[in-house]
Amino acid sequence: MGEIVNVKEIVESKKVELKRRIENLKEKRIFPKLALILANDDKASRVYVGNKRKLCHELGVLEEEYTFDENVVEEELINVIKKLNKDDSVDGILVQLPLYNHLNESKILDCISPNKDVDGFHPLNLGKLMIGEKTTVSCTPKGVMTILESLNVNLSGKDAVIVGRSRIVGKPMAQLLLSKNATVTTCHSKTKDLKEYTKKADILVVAVGVPHLIKKDMVKEGAIVLDVGINRIDGKLQGDVDTQDVLEKVEYITSVPGGVGLTTVISLMENLIEIAERR
Ligand code: NDP
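Residues numbered from 1 in each chain as written. Predicted model: local features only at pLDDT ≥ 70, side-chain atom pairs only at ≥ 80, totals over all residues. Heavy atoms only, no water.

The secondary structure content of the protein chain amounts to 10 helices and 11 strands. Compactness check: the protein chain gives a C-alpha radius of gyration of 19 Å against a globular reference of 19 Å for 279 residues, within 12% of the reference. With respect to the principal axes defined by its C-alpha atoms, the protein chain has extents near 50 × 45 × 35 Å. Taken across its 279 residues, the protein chain has 51% of its residues classed as buried. The contacts of the protein chain with a sequence gap of at least 6 include a subset with a gap of at least 24, amounting to 71%. (Helix = DSSP H or I, 4+ residues; strand = E, 2+ residues; numbered from the N terminus. Rg over C-alpha atoms; globule rule 2.2 N^0.38 Å. Buried < 20%, exposed > 50% of the residue type's maximum accessible area, 1.4 Å probe, protein only. Contact = heavy atoms within 4.5 Å.)

Shown next as structure tokens:
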């Protein structure tokens, strides 16, 4: 019988580490600050921004929110980002996705200075990750790596399969696992026989957005499964993996809710502190 990873415990110990680092910064008169930009009226996004702000308060990090209504024009949003880029008191700038439909996501994200790109979405930071240079790494894949480290998994030579190839999860995830010497395969919607790949994975990361896509017959005995998916079904959150179905077969699995999502927010704070430490 496999084990559901206690991600809450991992997050609590990360918080202790981060609080210590924040105290060290404050002793040097450095007060980390995060600017959050919200330009959509999506309920879930409001909750996510609220959670991020709450964590800032808990850890003793400064934050400020910029909220825009649906009449916002691209230029206005870009000007705010440009101002924040120049503001020395701001360490990190976060644009909560998705944006209102009339706004060009890539164009706006690319305006954030790579030095303040706390989400790690900027092409320069993604490029650095690709060539193995130290950089700000996208929060969700970084959180997955935190979980694997906490489990003391030696990734060298392991077969890692990632389902999903997005700019914010799948692709950076592949680079991170590759940097730890795993043999990495990335699957996506055009993959011919998904099961053929997933059932060979020692490490399986699923970031698709299809509830319970992964069932028992698709996982390897003793695999470690990281379920990134967040799907809202009848008001309840569900992952991309059918946890109860695969539990008896795997070694470890993360749950939804209470899994990877918890480490995503803590990775955001870790990125912010890393940027502030570079000041
Ligand atoms: P995207 O929609 O950007 O990407 C989804 C990926 O899944 C694409 O690469 C797509 O392939 C692939 N895909 C779609 N259907 C299938 C299928 N049937 N079989 C195999 N691959 C498929 O999503 P994100 O990466 O942004 O997010 C993925 C999931 O993770 C979502 O549920 C999201 O809510 C969640 N999420 C959770 C976070 C957390 O903190 N836990 C953070 C970010 C996201 P193709 O490229 O060919 O279209």
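Our next topic: the sheet that holds strand E5 (residues 159-163). Note: strands within a sheet are paired through backbone hydrogen bonds, in either parallel or antiparallel orientation. The sheet built from 6 strands is open, its strands ordered E1-E11-E8-E7-E5-E6 with parallel pairing. Lying at the two open borders of the sheet, with one neighbouring strand each, are strand E1 (3-4) and strand E6 (183-187). Strands strand E7 (203-206) and strand E8 (224-227) of the sheet are contacted by helix H6 (residues 139-150), whose axis makes an angle of about 150 degrees with E8. (Pairing = 2+ DSSP bridges. Axes fitted to C-alpha atoms, helices over the stretch in contact; angles between N-to-C directions.)

Taking 1.5 Å of rise per residue, 12 residues should cover 16 Å, and H6 covers 16 Å from first to last C-alpha, within 8% of that figure. With 10 of 12 residues buried, H6 is to be regarded as a mostly interior element. Within H6 the residues assigned to the buried category are Cys139, Thr140, Pro141, Lys142, Gly143, Val144, Met145, Thr146, Ile147 and Leu148. The elements touched by buried residues of H6 are helix H1 (7-27), helix H7 (170-179), E7, E8 and helix H10 (260-277). After H6 finishes, the residue Asn152 shows a positive phi value of roughly 55 degrees. (Expected span 1.5 Å × (residues − 1).)

This part covers the site of the ligand. The environment of the ligand is formed by 17 residues, the closest being Arg165, Ser166, Ser189, Ile230 and Thr264. Here His188 contributes a backbone N or O atom positioned 3.5 Å from a nitrogen atom of the ligand. Taking Val228, its main chain carries an N or O atom lying 3.3 Å from a nitrogen atom of the ligand. Considering the ligand on its own, with 930 Å² of exposed area, one finds that the protein chains cover 68% of that surface. Here the shell around the ligand is composed, by residue class, of 7 nonpolar, 9 polar and 1 charged. (Near = heavy atom within 4 Å. Polar contact = N/O pair within 3.5 Å; in protein donor to acceptor, adjacent residues only side chain to side chain. Areas by Shrake-Rupley, 256 points an atom, 1.4 Å probe, with all protein chains shown as cover. Nonpolar A, V, L, I, M, F, W, Y, C, P; charged D, E, K, R; others polar.)

The next subject is the state of the cysteines. With the rule as written, the count across this model stands at 0 disulfides. Cysteine Cys139 is unpaired, with the sulfur of Cys56 as its nearest cysteine sulfur at 12 Å. Residue classification places Cys139 among the buried residues on the basis of a relative accessible area of 4%. (Disulfide = S-S within 2.5 Å.)

Attention now moves to the side chain of Ser255. Summarising the element assignment, Ser255 is placed in the loop between strand E11 (252-253) and H10. In terms of polar contacts, Ser255 uses its side chain to reach the backbone carbonyl oxygen of Pro257, at 2.9 Å. Other than its neighbours up to four places away in sequence, Ser255 contacts Ile4 and Val260.

Position of Gln244 among the secondary structure elements: in helix H9 (residues 243-246). Residue classification places Gln244 among the exposed positions, given a relative accessible area of 59%. Separated by 29 residues in the primary sequence, Gln244 and Lys215 place their C-alpha atoms 9.2 Å from one another.

Sheet topology note: the strand E2 (residues 33-38)/strand E3 (residues 62-67) ladder contains 6 bridges and is parallel. Within E3, the position partnered with Leu36 by the bridge is Glu65. You can see the chain leave E2, run along helix H2 (residues 43-59) and come back into E3, and the turn it takes is right-handed. (Right-handed = clockwise from strand over helix to strand, strands pointing away.)

Turning next to the packing of H2 against H10. Put simply, H2 and H10 touch, their axes get as near as 10 Å, and they point 55 degrees apart. With respect to H10, the axis of H2 lies oblique. For the pair H2 and H10, the crossing hand works out as right-handed. Residues Lys52, Leu55, Cys56 and Leu59 of H2 touch H10, and the partners they reach there are Val265, Ile266, Leu268 and Met269. (Parallel < 35°, antiparallel > 145°, perpendicular 65-115°, else oblique. Left-handed = near helix turned anticlockwise from the far one by under 90°.)

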